[in-house]
Amino acid sequence: MASPTESDAEEAITKDEIVSSAGPETGNGTTTSQGTKRNAFTELMSPKIKVPAPPPPPPGSSSLTTMHRSFYSRASQSHSRRDGLGAYADAPEAYPPSRVIFHDADFVAIHDLYPKASVHALLIARSPTLRRLHPFDALGGATPESAALLAAARVQAQRLKRLVAAELRRRFGAYSALDARREAVLNGGGRGEGEGEGEGGGEDPQGGQEQGREENSAAKDTLPPTPTPTPTPTPNPSAPQLPPGRDWEAEVLVGVHAHPSMNDLHVHVVSRDMHSACLKHAKHYNSFATPFLVPLDDLPLAPGDPRLPRPGTKNENYLARDLRCWRCGEGFGRRFARLKEHLEVEFQEWKKE
């Protein structure tokens, strides 16, 4: 079992973030973790987070399961602080739409309280038997239950990815050259010839204007209603073809951390820009810019994959790597302040693509 020092060496989250990962809402919309003072009465009356005991290793799990589970055997003074995401899994309906994006019987999607990019969401599993396992085990496919959870996680992560992409378009589409060409057609070029009525959308047979408005108006904390299927209209050859616009889904990362900071199983769905005031140190950055973030589509990892923990050896510490810009590849050694300045410039250019 890793010592507290070894565990901390792989942490990408700060102690303040761990403490503030969840908290009951107060009347003014803040949480008790965001500065609200608590007295004995509020402590007594506040809802208590249920912390399920880690389940036994599922039959057929890899030989690494015991080592993965030892990761959760942290010092007692910090263990409960790492269980904050469990509050959402236990009672998502207790949180407002500004915090919980959507939920069903198996998953809860929330806004990360400390986003490391422009848009950062988490998909939290609710499975009572798997949610406390390391993601390599819970999503490893070694059992039918694990395989089913992985399949379901991919579906819901894609759902959340589309919402994150829509929010990126809503925020930054006005700056994008690719989206500008699309908007020019939506707002003028083909309107008089049926472009906005779905009579000649070419690549957008459902009506480009309606789709563009739906994407741009989608609130970041709600899902748009499921559209009623309609017959595909006959294309109008005389109408301008609607440019596809920028593929904002390509700007979204979906994955799990090789060494999660919080105990409940969660998937990160985050824009790749790494532009956030909450990105405060090199470990924050490298937790998303190195193989420390394992794409959900890569799971289960094959035996021998270097991202798997290796018994008897110390894994490569991805968080300690030299810093390198995710967009242009320029290296910065360990000069995080210089990287932050550079990321600001890259962010402005990235928006214009």
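Scroll up a little and you will see the structure.
First, a word on what this report is: a plain description of the structure on this page. All values derive from a computational prediction rather than experimental measurement.

1. Considerations on the sheet that holds strand β6 (residues 293–295)
Ordered by their spatial adjacency, six strands build an open sheet running β1-β2-β3-β5-β4-β6, and the pairing between neighbours is antiparallel. The strands lining the two open edges of the sheet, one partner per strand, are β1 (100–103) and β6. Neighbour-to-neighbour, the strand axes of this sheet turn through a mean angle of 30°, independent of strand direction. Here three bridges tie strand β4 (residues 252–257) to β6, and the two strands are oriented antiparallel to one another. Bridge pairing in β6 places His-257 opposite Leu-293. Along the sheet, helix α8 (residues 144–172) makes contact with β1, β2 (107–111), β3 (120–125), β4 and β5 (266–271), crossing β3 at roughly 160°. Against the sheet, helix α11 (residues 282–289) makes contact with β3, β4, β5 and β6, and its axis sits at roughly 105° relative to β4, the strand it touches most.

2. Looking at the packing of aromatic side chains
Per the stated rule, a full pass over the model turns up five aromatic pairs. Residues Phe-172 and Phe-347 carry aromatic rings whose centres are separated by 5.5 Å and whose planes lie at 85° to one another, so their mutual orientation is edge-to-face. In this pair, Phe-172 sits in helix α8 while Phe-347 sits in helix α12 (residues 336–352), placing the two residues 175 residues apart along the sequence. Ring geometry for Phe-172 versus Trp-350: centroids 5.9 Å apart, planes at 70°, classification edge-to-face. Of this pair, Phe-172 sits in helix α8 while Trp-350 sits in helix α12, placing them 178 residues apart in sequence. Each member of the pair, Phe-172 as well as Trp-350, is classed as buried. Every member of this aromatic cluster is reached through a ring pair, and the members are Phe-172, Trp-248, Phe-347 and Trp-350. Lying over the aromatic face of Trp-248, Arg-246 brings its terminal NZ or CZ to 4.1 Å of the ring centre. Over the ring of Trp-350 we find Arg-246; its NZ or CZ atom is 5.0 Å from the centre of that ring.

3. Observations concerning the pattern of salt bridges
Using the criterion set out here, one finds 15 salt bridges in the structure. Here Arg-131 makes a salt bridge to Asp-264, at a shortest N to O gap of 2.8 Å. Here the residue Arg-131 occupies a position in the loop between β3 and α7 (135–138), and Asp-264 occupies one in the loop between β4 and β5, the gap between them amounting to 133 residues. Across this residue pair, the class does not change: Arg-131 and Asp-264 are buried.

4. A closer look at the environment of Asp-112
Within the secondary structure layout, Asp-112 lies in the loop between β2 and β3. Under the relative-accessibility criterion, Asp-112 is labelled buried at 17%. Separated by 158 residues in sequence, Asp-112 and Val-270 place their C-alpha atoms 9.3 Å apart. Dropping the residues within four chain positions of it, Asp-112 is found in contact with His-120, Ala-121 and Leu-122.

5. Structural notes on the pairing of β3
Of all six residues in β3, six are buried, a share of seventy percent or more. Burial along β3 is two-sided: the residues His-120, Leu-122 and Ile-124 and Ala-121, Leu-123 and Ala-125 are all buried. One ladder, built from five bridges, connects β3 with β5; its direction is antiparallel. Its bridge partner lying in β5, Leu-123 is registered against Val-267.

6. Some words on α11
Taking burial as the measure, the eight residues of α11 include six buried ones, the bulk of the element. Burial in α11 covers these residues: Ala-282, His-284, Tyr-285, Asn-286, Ser-287 and Phe-288.

7. Some thoughts on the state of the cysteines
Counted under the stated rule, the structure contains zero disulfides. Unpaired in this structure, Cys-325 has its nearest cysteine sulfur neighbour in Cys-328, at a distance of 3.7 Å.

8. Looking at the nonpolar core
The biggest cluster of nonpolar side chains holds 38 residues, and the ones touching the most others in it are Leu-123, Phe-136, Leu-139, Leu-160, Leu-296 and Leu-299. Those elements giving two or more residues to this core turn out to be β1, β2, β3, α7, α8, β4, β5 and α12. Here this core gets 10 residues from one element, more than from any other, and that element is α8. Core analysis: the next-biggest nonpolar cluster, separate from the first, contains 14 residues, Ala-117, Leu-279, Leu-339 and Leu-343 among them.

9. Examining unusual backbone geometry
With an omega of -5°, the peptide bond between Leu-299 and Pro-300 qualifies as cis. As for its placement among the helices and strands, Pro-300 is situated in the loop between β6 and β7 (323–324). For Met-274, which is not glycine, the phi dihedral falls at a positive 55°. Within the element layout of this structure, Met-274 appears in the loop between β5 and α11. Judged by relative accessible area, which is 3%, Met-274 ranks as buried.

Calculation rules
- For every chain, the first residue of the written sequence is number 1, and numbering continues from 1 along that sequence.
- Two thresholds apply to this predicted model, a pLDDT of at least 70 for residue-level local features and 80 or more for giving and counting side-chain atom pairs, whereas whole-chain, interface and lining totals are computed over all residues.
- Excluding hydrogens and water, the side-chain values take into account all heavy atoms of the structure.
- When DSSP finds two or more bridges between a pair of strands, those strands are recorded as paired.
- Strands here are runs of E lasting at least two residues and helices are runs of H or I lasting at least four, both read from the DSSP assignment and numbered beginning at the N terminus.
- Angles here are taken between N-to-C directions and fall from 0 to 180 degrees, while the axes themselves are lines fitted to C-alpha atoms, restricted in helices to the stretch in contact.
- When checking whether two residues touch, look at their non-hydrogen atoms; a contact exists if any pair is within 4.5 Å.
- Aromatic rings from Phe, Tyr and Trp, with only the six-membered ring used for Trp, were paired whenever their centres fell within 6.5 Å, and each pair was classed as stacked if the ring planes differed by under 30 degrees, edge-to-face if by over 60, and tilted otherwise.
- Each residue is assigned to one of three classes by its accessible area relative to the maximum for its type, calculated with a 1.4 Å probe on protein chains only: buried under 20%, partly exposed between the two thresholds, exposed over 50%.
- The criterion is that NZ of a Lys, or CZ of an Arg, lies within 6 Å of the ring centre and within 35 degrees of the ring normal, and then a charge sits over that ring.
- We define a salt bridge as a contact between a side-chain nitrogen of Lys or Arg and a carboxyl oxygen of Asp or Glu at a distance within 4 Å.
- The rule for a disulfide is simple: a pair of cysteine sulfur atoms within 2.5 Å.
- The criterion is simple. A nonpolar core is a set of buried Ala, Val, Leu, Ile, Met, Phe, Trp, Tyr and Cys residues joined through side-chain atoms within 4.5 Å.

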